[in-house]
Amino acid sequence: MDFKENEKKWQARWDEARIFETDPDKRKKFFTSLIIPYVNGNAHIGHSFTFTRSDVYARFKRMNGYNSLLTQGFHATGEPILGVVERLRQSDQSQIATLKLYGATDEDIENFKKDPKYVANYWMKKIVGSMKEMGYSIDWRRRFVTAIDPCFNSFIEWQYNKLKEKGYVVQGTHPVVWCSHDQSPTGDHDRLKGEGEGTIEYTIIKFSFEDEDGHKFIFPCATLRPETIYGVTNIWLKPETEYILAIVNNETWVISKDALDKLNDQLFEVSELGFVQSEEFFGKRAKNPSTEEEVPILPGNFVEMGTGTGVVMSVPGHAPFDWVGIKTLLKNKELSEKYKIDSNIVKPISVISLEGYGEFPAVEMVESMKADSKEKLEKITAELYKKEFHQGVLNNNCKTYAGQKVSEVKDHLIERFRNIGRATSIWETTGLVVCRCNNKCHVKILENQWFLNYSNDRWKNDVKRHLEIMRLYPEDIRGQFLNTIDWLKDKACARKSGLGTKLPWDKDWIVETLSDSTIYMAYYTISKTINDNNIIADKLNDEVFDFIFLSKGDLKQISKNCGLDESLLKEMKENFEYFYPMDFRNSGKDLVQHHLIFFIYHHVAIFPEKYWPRSIAVNGYVNVAGEKMSKSKGNIIPLSELIEKHGADLVRLNISTSAEGMDDADWRDENTNPLKSRLMYLNDLVDKIERMESNKTNVDNWLELQMHKIIKETTTAYEETKFRSAINASLFNAVNDMKWYMRRSITPNKTLVKEFLENIIKLIAPITPHYSEEVWNKLGHKTFVSIDKWPQYKDAIILKGDHLDKDELFVKKTLEDIEHVKKLAKRQKPSKIILFVAKSDKFADKKDKHHQIRLFEEAHLFLKKEYGCDIEVLDSDIITSHNEPLYQNKATTSKPEKLGVIVF
RNA sequence: GCGGAGGUAGCCAAGUCUGGUCAAAGGCGCUAGGCUUAGGACCUAGUUGGUUAGUCCAUUCGGCGGUUCAAAUCCGCCCUUCCGCACCA
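Residues numbered from 1 in each chain as written. Chains lettered and ligands numbered in written order. Predicted model: local features only at pLDDT ≥ 70, side-chain atom pairs only at ≥ 80, totals over all residues. Heavy atoms only, no water.

(A) Main features of the pattern of salt bridges. In the structure shown here, the tally under the stated rule is 56 salt bridges. The shortest N-O distance in the salt bridge between K257 and D261 comes to 3.4 Å. Pair noted here: K257 and D261 are both in helix α8 (residues 257–265), with a separation of four residues, about one helical turn. You can call K257 partly exposed: its relative accessible area is 44%. For D261, a relative accessible area of 31% translates into the label partly exposed. Notably, a salt bridge pairs K528 with E571, separated by 3.6 Å at the nearest N-O pair. A residue pair is termed long-range when its members are at least 10 positions apart, and K528 in helix α16 (residues 520–532) and E571 in helix α19 (residues 566–579) qualify at 43 residues. Under the relative-accessibility criterion, E571 is labelled partly exposed at 24%. Counted as one network, the salt bridges with shared partners bring together R18, E21, D23, D139, R141, R142, K528 and E571. (Salt bridge = Lys/Arg side-chain N within 4 Å of Asp/Glu carboxyl O. Helix = DSSP H or I, 4+ residues; strand = E, 2+ residues; numbered from the N terminus. Buried < 20%, exposed > 50% of the residue type's maximum accessible area, 1.4 Å probe, protein only.)

(B) Inspection of the sheet that holds strand β21 (residues 491–492) at higher detail. One open sheet accounts for four strands, arranged β4-β3-β19-β21; its pairing is antiparallel. The two strands at the open ends of the sheet, each matched to only one other strand, are β4 (184–185) and β21. Inspection of the sheet shows strand β3 (residues 169–179) paired to β4 by two bridges, in the antiparallel sense. What sits directly across from C179, in β4, is S184. (Pairing = 2+ DSSP bridges.)

(C) Broad picture of the sheet that holds strand β1 (residues 29–33). Pairing in this open sheet of five strands is parallel, and the strands run β2-β1-β24-β25-β20 from one edge to the other. Each edge of the open sheet is held by one strand with a lone partner, namely β2 (67–71) and β20 (471–473). Adjacent strand axes in the sheet meet at a mean angle of 15 degrees when their direction is disregarded. Pairing of β1 with strand β24 (residues 584–588), which is carried by two bridges, proceeds in the parallel orientation. Paired with T32 across the strands is F584, a residue of β24. Against the sheet, α16 touches β1, β2 and β24, its axis set at about 115 degrees to β1. (Axes fitted to C-alpha atoms, helices over the stretch in contact; angles between N-to-C directions. Contact = heavy atoms within 4.5 Å.)

(D) Molecular detail of the protein's contact with RNA strand B. Taken together, 46 residues sit near RNA strand B, with Y38, H174, A492, K628 and K739 positioned nearest. Considering RNA strand B, the proportion of its atoms within 4 Å of the protein that are sugar or phosphate atoms stands at 60%. For RNA strand B, a sugar or linking oxygen lies 3.4 Å from a polar atom in the side chain of Q593. S677 has a polar side-chain atom sitting 3.2 Å from a phosphate oxygen of RNA strand B. Those elements that place two or more of their residues in the surface near RNA strand B are α15 (478–487), β21, α20 (592–606), α23 (672–689), α25 (723–744), α29 (802–824) and β31 (900–903). Here the residues of the surface near RNA strand B are counted per class, giving 16 nonpolar, 14 polar and 16 charged. (Near = heavy atom within 4 Å. Polar contact = N/O pair within 3.5 Å; in protein donor to acceptor, adjacent residues only side chain to side chain. Nonpolar A, V, L, I, M, F, W, Y, C, P; charged D, E, K, R; others polar.)

This is the structure in structure tokens:
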């Protein structure tokens, strides 16, 4: 069979017969879709896994009598497409290489530079092409592209108006990594350095200071460990450095230049007064707001002006850098005399007790590890901070907090100091972040940002409650869902750039990307009507959507208002009410944390409960020959290339049986071989059927039993989306059983073999649809197997079939025994084989013995054919002392579960 | 750090919920033989070590310890790999 030829043939026939165009009818419906792929490149091997799984499930349901709707849309919302265009305009070679890998020509690339929509449409067509080649059973009349299709944008506007009505879209403030040059948040992909870095809040402890003239200043010490406040011995400023004096919320602060910019972006009222050299303050004293004690201000070379405020409090007992700073200073006679300090004045103060350490863990660690380099100090600092946070307890120097665990008291302490105006906070990136434009980023707190109020208790609880009744495949993933829902916070939902829908009430903003992939499934139910009738976006106002999706309003009136025919409105409403809710959604496991959760959230928020989604399936990633896919490895194989090489059925079969559950799939070309050879075996068997006769044989019952077991096992596996198990049963086990049957039965039974084949062909049809159509046709059927009836099994046959299995197992075991003996006796071509059935007294039931004798007498021809020699079955009871010793020995050692064997 | 999923013979991978029938399915690879004979495929057997006319013994399922007549499977501790943690799709 030429797979590719065959696939083209059947795809054309399906098209012609429109068997996948799905409209409401009397049957029960089943609604699913493939994941909505991003149209900035071609479909590749990674997509094929989730695509195929969805199609297989839709086909499985279709054969099980459902009116199965499989739909497909495309995703163009957000930055990526604009990014592609931008990079092409800058002649980015790696971008060009990627696009070429996906099959774009130089001419295409020139066109891409002109228009993002061209890019989207170009790749959409390519992907559609691959999907058709893969034989996905999609109702193509319903396709659309997000952000490009104006009608879809109207739908998103409706979504947001609904969410806002419910109070689920709110305004708030939020810290983001910010590039002040670009004036925008700097996401991971926009960074030269600092991928994965986030934001972290430093506490600022305000130390007060008064100079000789009575001017009051604040030294705002930025720290991650405000709980060590009681252990402060001094303040560090960087020597020989200009600090800035600035009015910050009506106080005069001494801070770094960087800090000024940061505070400016973090909702402080800031105005610059002037410069001051750090030397001006050294030796003078500032007041600790917790102890009211005065501590000296001293030079510390290690102070980093770019971090925090550039002003640091020193806790030498618990901070390695501080202890080294103190040591360095005391060693320097000139400075210590100048600033009048000695080892008493800056003596470490113990504030945290930590098991396994003495009073001053930082001192101990520095000394024992001889830490001197910055790297070493950073390492032990991180280690010590972690230990003290998790295991440390504040000691008696900490007044009211004495005896409390650091991990438990930290937040209270910060809260109290803030409340009495002695602390505030400054946000910092968790590591150095440099924007594409080469500017160093800091944290900005965005105001009046629009948020989806995912932390809303009512909303959250609705989601959790619904999750309880949803089916999840595999069930293991539930914990991941629950946990994510628990910590889900509000999510910024409007941005300034990218393709997408404008926020309906604030046109300066564009709705963020993920909201385009939350309830778009509802749009599939109406997109056919929109596409067929060229409905324009203006007519699809909120009133129309309310009518279709929420049954609100009067048909006549709405029709009049929007200018759409009543019949069209009714058609959309009927389609929606028939196909909704979505029954099954399959995605990669990486989408659980956002897409899939938001999918539930938005449905729960907007639609009546009966339209909330029914199930979610999740699968792993796709590796190629054991390695992760990556552009750098160049192992991202476009789907079209795979199909060209193997044909769609083998790609479908290989990928969908490569893994199940949350395991990652692994594409290996060579794995197609065993799959192909089994398909060919079945195909070849069809040709042999004609020469068979319809005589019952003694192993027919056994094969029939296997058939029912295979149907049952396969069906159950499909239900659970365990396609690997399904194929294991319906292809591997089935072929093995069939091979055994063909070997075992001297004259295979035509009727049974045909029935068996027909069932197997159907069982694998969701995964290898083209192949199955062809073989089905060859078996003499004029119908499409894709829409034929799923095989049924009979539990009754399975339940009473145990003894058949036992018998066959016994024959197989005896075959192995004979082989074994042959080898040991070194008789490659035996002239005669004698089998001994055990003596009567060893059988609990005499009937079993007779059954055994009959079994092997029936198998006589088979055994004779196997070994090409005479086979004799002997009853051990008839062996007497007159027989040869070997005979006597076998007669006595034979057991009911093991025949005695002599090979001549 | 928080959370999720894993670690099984050369590789991939079932089995773990519901302990025994597990020296542990299946596939790949490898070895021997067959078939054809120089194409791959296909068929049979083997693939922890020892031992044997088909038996039996020892050791094995990340590590250590425990429960049990019995553990890959249950319990505890430890080691280790992968994944997600948001304004990025």
